[in-house]
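# Working through the structure, step by step
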Amino acid sequence: MWVKRVSYIILVSLLILELVPVISYALSSTTQSVITTSFNVRNPNYPVVLVVGGEGKNIKLDISGSGNTYTISVNPGVYYLYLQGGSYQITAYNASLLRVIPLPRDQGVVDYGIGKNFQPYVLKFYTVYGSISYYNLKAEEYPTDLGSWEPVIALQQNVVLQVLTTNGVQEYWVQNVLHIDTQNYTGNMEVNVWNFTTYNAIMNSNELYFTQGKVRPDVYIYLQPSFSFYVSNGTTVVTTVNNSQSGVTIMFGIMNSSGTFYYDNLTIKVPGFVTSYFLVDGENKTGNGLYYDAELNSGGIFGHSAVFTSGTAVLSVKYRLVNGTIISPPNFFPYSLDTGERALGIEVSPINGQALIEPGNISESIKNFGAQELQLSPSTTTTPTQSTPNQYEEYTLFLFNNTLVSGNGVVYDPNIWPVGILYDPYNGLVYVADYGNNQITVINPTTMSVVDTIDVSGGPIRMALDPINHLIYVTLSSSNQVAVLNPSTNAIVDYMPVGSSPIGIIYAEGLIYVANSGETTISVINPNTDQVINTISTSGIPIRLAFDPVNGMIYATTNKGVVVINPKTDSQVTTISLPFSLGVAVDPSTGYVYVAVASRDYVAVINPSTNTVVNEIVTGSSPTNIKIGGNLMFVVNRGSDTLTIINLTNDDVVAIMPVGNYPQGDCIVGNSIYVANSKSSSISIECGQQFC
């Protein structure tokens, strides 16, 4: 989805991860199992890389997608194969681990926690160092947005922080990123700390202490305003953690010949804090499905792609273990597992435990690490059912400057973080919950432009429309409130307290229901008095809500499945077992319930008569929000930055379209779809008669 070029120095970002604990290998104790994962192939010109682990030979792989099913047996090892574009599922039998990496990706030094014997190992550490030595390094970056070519690239240091408390485990994805202008080798730094404890975990601002950055619903962000320092040869990016009695401080620094400079820090004070450390674990995942890996990657910035054009670079990583020992990764691979950026025109080779980067074909990198090509022959062939709408226009509305451009665009402003989006059919306007600015942005679809902004403190997330009183209710996750917006005057007219960290909200049967994601309750509001009249207890933490007009039930996605609630008794009826899910919607003509299973990359179809799952529709990565219009369903996938369009008459995917970076909400406006992109600070607008 990246359509634009900008000049970068991809390899110069220095990521330093200090690993503190001792290495543990899982050898004979490794559990052999069945592992299933879903993935998307966006560009069939690039291979899909497989890393397969197991104690014995003859690991069976079943690969299905795009109308084909393939079966092949392999030994533990690294493989690559070419597949046509589309959505796929792979199942490995008698395997201890499986990594699936569709290219292109960022490249560099990536420690999967998988040894040269293809068995998992565990590392615990306090500091990580990521160094770069470069020689005439040049690159070009192209984002799909406004602006001319710019000689800027990024080098990301990514690692998982595990925080142990007496109440359980918290997990954070820590990013220390160096942006480099390759014309003059000046740089600036970016910090992102994401809460990955669960799929819908948020950053608790009451536990965070900082001086420079900003807090979004699920991430802490700091970006230096300018390219303020010279990136010398041999620069090292350093990330370290210091534990105290009450919590942990993450320190972000740069080290060169002049010494070490820590430019930002974030303190997390957690009740019942025990200890914390960075973690590499080749066998397990975080609460939201992220791998415990450590990465020092080169690529574009803010979700873009970068093309390496000349010169060479050497990347190296060191860990400072918890016992003070400094080591290199026991093994590493060239491709990132988790980032959204891309590195093109680059080839990586392992040299004495370091990564040599030079111009070349990115598909050749994996061959340098001993990968073998898999030649597949379909065991079962069916006729693909996907078709793509041939009449649509795509636009991007950038919220930071109210600029509309044709096509898909990505420009990131960390001050703007759109999440929820709602269309008001009574006044014809679109309302966007901008968590970053504590505002509601108002868009006129006729002109596709911003016409108003409404200040609302407390972190606006999601919205619901009361059609009787013509009022919009907004969840404020930071202040534990719901705001009431009068769309006739575009003014906030009331606030009311609800439960902790409210997110999902709906209007049903004359009442407002609010999912309190910081606890296991749903608040019930009477919109005639703007008072909470009841609190419903749920068996899991509620996230999103949907009302089924056919059977009169409310469906709530939680961390323990989908909870069914009877609004007549304000009580839980049953729980439908599903992996962790986010968005939920109901087809009003059939009553069927559709759930975005973000942890497994599909939409579950629930029959409301039996409350059972009757189908699974493969989507993009991490489906987040669902809207239904007529016989079509629109699913935004924040992991793959796409919009999946599904025909509800046969549950077939009819189109997969690129949108902005980290989409989290969508709404239907006439014959158009509006998508809120959090990390693009934009609204994608897909216009077409075939949409609705």
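Every chain begins its residue count from 1, and numbering advances along the sequence as written. Per-residue local features are limited, in this predicted model, to residues with pLDDT of at least 70; the limit for side-chain atom pairs, both in listing and counting, is 80 or more; totals at the level of whole chains, interfaces and linings are taken over all residues. Side-chain numbers here rest on the full set of heavy atoms in the structure, without hydrogens or water.

With that out of the way, let us pick up the side chain of Asp 651. Working definition: helices are DSSP H or I runs of at least four residues, strands are E runs of at least two. Numbering for both runs from the N terminus. By the element assignment, Asp 651 lies in the loop between β57 (642-647) and β58 (652-658). Only protein chains enter the accessibility calculation, which uses a 1.4 Å probe. A residue is then buried if its area is under 20% of the maximum for its type, exposed if over 50%, and partly exposed in between. We score Asp and Glu as negative and Lys and Arg as positive, and we do not count His or the chain ends. Any carboxyl oxygen of Asp or Glu within 4 Å of a side-chain nitrogen of Lys or Arg constitutes a salt bridge here. Buried charged residue Asp 651 carries no salt bridge. Nearest counter-charge: Lys 627, at 18 Å. Two N or O atoms count as a polar contact when they lie within 3.5 Å, although within protein this holds only if one can serve as hydrogen donor and the other as acceptor, and sequence-adjacent residues are included solely when both atoms are side-chain atoms. Only 3.0 Å separates the side chain of Asp 651 from the side chain of Asn 615, close enough to count as a polar contact.

Most of the time, phi is negative for any residue but glycine, and the peptide bond is trans. Of note, the amide linkage connecting Leu 103 to Pro 104 takes the cis form, showing an omega dihedral of 5°. Along the polypeptide, Pro 104 turns up in the loop between β9 (97-102) and β10 (107-111). Non-glycine residue His 470 carries a positive phi angle of around 50°. Mapped onto the fold, His 470 is located in the loop between β39 (460-466) and β40 (471-476).

Right, let's talk about the environment of Cys 687 for a bit. Positionally, Cys 687 belongs in strand β61 (residues 682-687). Taking the C-alpha atoms as reference points, Cys 687 and Ser 672, 15 residues apart in sequence, are found 4.3 Å from one another.

Strand pairing is assigned whenever DSSP detects at least two bridges linking the two strands. As summarised here, the arrangement of the 4 strands in space is β9-β4-β7-β31, forming an open sheet in which the pairing is mixed. At either end of the open sheet lies a strand with only one pairing partner, and these are β9 and β31 (372-373). Bridge count for strand β7 (residues 77-81) against β31 is 2 bridges, and the pairing is parallel. Within β31, the position partnered with Tyr 79 by the bridge is Gln 372.

In this section: the packing of aromatic side chains. For any pair of aromatic rings, geometry is given as the distance between the ring centres together with the angle between the planes. Aromatic contacts are taken between Phe, Tyr and Trp rings whose centres are within 6.5 Å, Trp giving its six-membered ring; a plane angle under 30 degrees counts as stacked, one over 60 as edge-to-face, and the others as tilted. Tallying each qualifying case throughout the model produces 15 aromatic pairs. Consider the rings of Tyr 80 and Tyr 82, whose centres lie 6.4 Å apart with planes at 85°: the pair is edge-to-face. Pairing Trp 417 with Tyr 662 gives two aromatic rings, centres 6.1 Å apart and planes at 50°, and the pair type is tilted. One end of the pair, Trp 417, is in the loop between β34 (403-406) and β35 (418-424); the other, Tyr 662, is in the loop between β58 and β59 (663-669), with 245 residues separating them in the sequence. Judged by relative accessible area, Trp 417 falls into the buried class, the value being 0%.

Let's shift gears to the environment of Asn 427. Residue placement: Asn 427 occurs in the loop between β35 and β36 (429-434). Distance from Asn 427 to Pro 487, taken between C-alpha atoms, is 7.7 Å for residues 60 residues apart in sequence. A distance of 3.4 Å separates the side chain of Asn 427 from the side chain of Asp 424, its partner in a polar contact. Of note is the side chain of Asn 427, whose polar atom sits 3.0 Å from the backbone nitrogen of Leu 429.

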